[in-house]
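Chain by chain, the residues run as shown.
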Amino acid sequence: MNEFVETLLELQWHEPKRSYDVVIIGGGGHGLATAYYLATRHGITDVAVLEANYIGSGNSGRNTTIIRANYGIPEAIRFYQHSLDLYRTLEAETGCWIMHSTKGLLWLAHTETAMRAERARCLLNSACGAETVMVTPEEARRLCPQLDLSGGGRYPVLGASHHTGAATARHDRVVWAYAQGAMRRGVHVLQHTPVTGLVRDGDRVTGVETANGPIAAGVVLSAVGGNVTTIANYADVRLPIRTHPLQAFVTNAYAQGLGPIISDTELFCYVSQTARGQMLIGAEFDPQPSYSMQSSFGFLQSCTAKVSHLLPFLRDLRILRQWTGICDVSADFSPIMGETGVDGLLVTTGWGTWGFKAIPAGGEQMAELIATGRTPPLLAPFGLDRFALDHAMADQGSTGTR
Ligand SMILES: Cc1cc2nc3c(=O)[nH]c(=O)nc-3n(C[C@H](O)[C@H](O)[C@H](O)COP(=O)(O)OP(=O)(O)OC[C@H]3O[C@@H](n4cnc5c(N)ncnc54)[C@H](O)[C@@H]3O)c2cc1C
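Calculation notes
- Residues numbered from 1 in each chain as written.
- Predicted model: local features only at pLDDT ≥ 70, side-chain atom pairs only at ≥ 80, totals over all residues.
- Heavy atoms only, no water.
- Salt bridge = Lys/Arg side-chain N within 4 Å of Asp/Glu carboxyl O.
- Buried < 20%, exposed > 50% of the residue type's maximum accessible area, 1.4 Å probe, protein only.
- Helix = DSSP H or I, 4+ residues; strand = E, 2+ residues; numbered from the N terminus.
- Near = heavy atom within 4 Å.
- Polar contact = N/O pair within 3.5 Å; in protein donor to acceptor, adjacent residues only side chain to side chain.
- Areas by Shrake-Rupley, 256 points an atom, 1.4 Å probe, with all protein chains shown as cover.

Undergrad: Residue-level account of the pattern of salt bridges, with values.
TA: The full count for this structure, using the stated rule, is 9 salt bridges. One salt bridge in this structure joins Arg119 and Glu112, with 4.0 Å as the shortest N-O distance. The class of Glu112 is partly exposed, set by a relative accessible area of 44%. Notably, a salt bridge pairs Asp343 with Arg204, separated by 3.9 Å at the nearest N-O pair. Of this pair, Asp343 sits in the loop between β18 (336-339) and β19 (345-349) while Arg204 sits in strand β11 (residues 204-210), and the two are 139 residues apart along the sequence.

Undergrad: I'd like a description of the site of the ligand, backed by residues and values.
TA: Neighbouring residues of the ligand: 37 residues in total, closest Glu51, Asn59, Ser60, Thr64 and Lys357. One of the backbone nitrogen or oxygen atoms of Asn59 is found 2.9 Å away from an oxygen atom of the ligand. For the ligand, an oxygen atom lies 2.8 Å from a polar atom in the backbone of Lys357. For the ligand, the protein covers 95% of the area, taking 1000 Å² as the surface of the free molecule. Elements that contribute at least two residues to the shell around the ligand include exactly α1 (29-42) and β13 (241-253).

Undergrad: Can you tell me about unusual backbone geometry, naming the residues and giving the values?
TA: The phi dihedral of Thr65 falls on the positive side, at around 65°, and the residue is not glycine. Within the element layout of this structure, Thr65 appears in the loop between β2 (47-50) and β3 (66-67). You can call Thr65 buried: its relative accessible area is 10%. With a phi close to 60°, Asp390 is a non-glycine residue in the positive phi region. Position of Asp390 relative to the elements: it lies in the segment after α9 (359-372). Taking the relative accessible area as the measure of exposure, Asp390 reaches 67% and is therefore exposed.

Everything listed here is a matter of coordinates, which is why it stays silent on function.
In structure tokens:
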């Protein structure tokens, strides 16, 4: 921990007003970061963040905390690299300890096809500012001595891409850091305040409905994680989004020693070690779209089998806890940020299974759009209009391992 950061938080709660310049629906990382950057970068503090439950109760407090920028299209690499850079300085900027730790990330490949994909990724990443290099099996083993290079005799490792800047940070501390920073500057964060409808004046959205009555807003931003379809429906906006459950689990604590984050490009599973020593493990989202937050034994069974081929020591650990979040996944596996076609209503969505790493850049860019009315260049490729214009940002191959 840096000596300049605080471990205790000071969250200041307020009674709701009847009207704000900006109302943000959703007190997850994206909603709170947008409020924080509105206040700190643009001096806009007449802002309310309305959270149905408690802040960080959605995916921002349920994820596996991986921060990386090794995406497969230039627009995404630049966006996520910027986010990775903002994460590096977030403790210094906010004065909050988010337990940021740069670990590097190995993406293992078991076939020639996967090796080709990873070589191409390294070239494109380097060209766009994200450091990713190919490593041989022996080099991968030096970085992670626990790796079984034979993959349990079934999945031999042919090589890996090594994304050196990848990191982790404690997810709920990130949420609290942004909440505290925004609240200190006068932003109101209203917990247990679900938005139940949008107030409209003709074609324009002019506020939100809550159980305690309407709240007027100059601009409404939806930042609701796995619930955007409900909010968009209130304004008759149809989004190319499907909602899927995503599960993860942790084991009991193990001696510190798993250096890098280990991901597998073909088995679609990944492992990192938390500061407590627990192994934090996840895989692909459930294939069936659903709002269910039920965790399943089937997931545990298939995921544990895959990861223990790669890291056999995991077989000796116990599973402590398993949980699920619901993720809004866009048709091209890239985020959707910006205007909706309905005046007064903006969205930041489509963060699927990979949006924790994007919280700083997503918040910063959305704040700039709201404050200036102009779409910043980093955000421009991810507008909703790309689907109508046939400019999809297709990057499914970069999302499977978070
Ligand atoms: C198991 C799992 C592992 C993951 N691992 C990673 C990872 O390693 N790296 C990574 O980058 N990403 C990961 N993700 C994805 C990441 O967590 C999400 O993309 C990100 O947290 C989305 O943030 P958000 O602020 O948009 O949404 P959320 O954090 O879900 O916040 C949305 C908030 O909106 C609130 N809300 C919903 N409806 C309403 C309403 N009507 N009124 C008011 N409030 C409302 C919710 O209660 C919620 O608190 C993972 C996700 C899961 C589930």
